[in-house]
Amino acid sequence: MSIRILALFLLTALATGCSKDSFSPAKDPSSDFVLKRYREFPGGQSTLDVERALNIDDATSFNAQIQIKDQNLVLTLGGRKVNTVEPKLSASIVFLRQTDISKIAGLYKFPDDLAKMDVYFLENTPTGFYGRSYPASGTIDIRYDATTKTWGGTITKLKYEIPFRADYNYEEMNGEFSHVKFIPQ
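Residues numbered from 1 in each chain as written. Predicted model: local features only at pLDDT ≥ 70, side-chain atom pairs only at ≥ 80, totals over all residues. Heavy atoms only, no water.

Draft legend 1. Broad picture of the packing of aromatic side chains. In this structure the tally under the stated criterion is five aromatic pairs. Judged by centre distance (5.9 Å) and plane angle (65°), the rings of Phe95 and Tyr108 are edge-to-face. In this pair, Phe95 sits in strand S5 (residues 89-95) while Tyr108 sits in strand S6 (residues 106-110), placing the two residues 13 residues apart along the sequence. The burial state of Phe95 is the same as that of Tyr108; both residues are buried. An angle of 50° between the planes, with centres 4.6 Å apart, marks the rings of Tyr144 and Trp151 as tilted. Its relative accessible area of 5% is what places Trp151 among the buried residues. (Phe/Tyr/Trp six-rings, centres within 6.5 Å; stacked < 30°, edge-to-face > 60°. Helix = DSSP H or I, 4+ residues; strand = E, 2+ residues; numbered from the N terminus. Buried < 20%, exposed > 50% of the residue type's maximum accessible area, 1.4 Å probe, protein only.)

As C-alpha cells, this is what we get:
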C-alpha cells in the first residue's frame, strides 16, 4: 500500500510541476552588448569609455544584429541614435566574403585572421565620426546558442595602430555581446 501512495504522490508532484506556462513560448531575449575602450595618455592619465545596449523599443532601433551587406555577414553592435541618446562607441564585425551564417562561430586572432574578418570601431565625437579598422592584435570569440538561435561572444584586447598625432599612447578595446539575431534581408 505504501508503494501506491508513493507512486500517487510522485504522479501528483509531476502533474503539478508541469504547469500551463511550461508549454507557452519562451520570451524572445533582447540583444545585449557592452563595449569598452581603455586609453592611456603620456602624462599617466587614463580613460575608460563604456557603451551599453539600450534595449529600447526594438521596433524602431536595434542594439545588435547580423545581416548580409555587400556579400559579407556584418555583426553590428550599437551605433544608432535612439530618441535623444547618442551612442559614443559602436562596432561592426565584418566576416569577409562570408554569407553562410553557420560558418562564423570560432576564435579569431589578429592580425592572423584579417583575411577572414575585419572589426570597425566607431567613435562619435562632437566633430564627427571616427573609425578604426584592421586590428593589430587581440581576439574575438563567436559562439552560437542553439536554444535561442542567437549569437554571442567576446572581444578581448583588440588593439589598433595609434593614429598619427593622437593625444594618447595606448588604446585597447574589449566587449561582450549576447542574443544577437540574424536578420535576413
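Draft legend 2. Fine view of unusual backbone geometry. Here the bond from Phe110 into Pro111 is cis, since omega is 10°, no more than 30 degrees from zero. With phi around 65°, Arg165 is a residue other than glycine that occupies positive phi space. Along the polypeptide, Arg165 turns up in the loop between strand S10 (150-159) and strand S11 (170-182). The backbone of His179 shows a phi angle near 55°, a positive value even though the residue is not glycine. You can see His179 is positioned in strand S11.

Draft legend 3. Spotlight on the pattern of salt bridges. This structure, assessed with the given rule, holds eight salt bridges. The partner of Arg37 in a salt bridge is Glu123, and the shortest N-O contact between them spans 3.0 Å. Remark: Glu123 occurs in strand S7 (residues 117-125) and Arg37 occurs in strand S1 (residues 32-40); sequence separation between them is 86 residues. Across the salt bridge formed by Glu171 and Arg132, the nearest N and O atoms sit 2.4 Å from each other. Placement of the pair is Glu171 in strand S11 and Arg132 in strand S8 (residues 128-132), with a sequence separation of 39 residues. (Salt bridge = Lys/Arg side-chain N within 4 Å of Asp/Glu carboxyl O.)

Draft legend 4. A look at the pairing of S8. Here five bridges tie S7 to S8, and the two strands are oriented antiparallel to one another. Across the sheet, residue Leu122 finds its bridge partner in S8, namely Gly131. Here S7 folds back onto S8, and the loop between the two strands holds two residues. (Pairing = 2+ DSSP bridges.)

Draft legend 5. Region of interest: the pairing of strand S3 (residues 64-69). When S3 meets strand S4 (residues 72-77), the two strands line up antiparallel, connected through six bridges. By the bridge assignment for S4, Gln65 is matched with Thr76. In sequence, S3 turns back onto S4 through a hairpin of two residues, with Asp70 there showing a positive phi of about 50°. Strand direction decides the pairing type here: S3 and S11, joined by two bridges, are parallel. Considered in S11, the bridge of Ile66 is made with Phe182.

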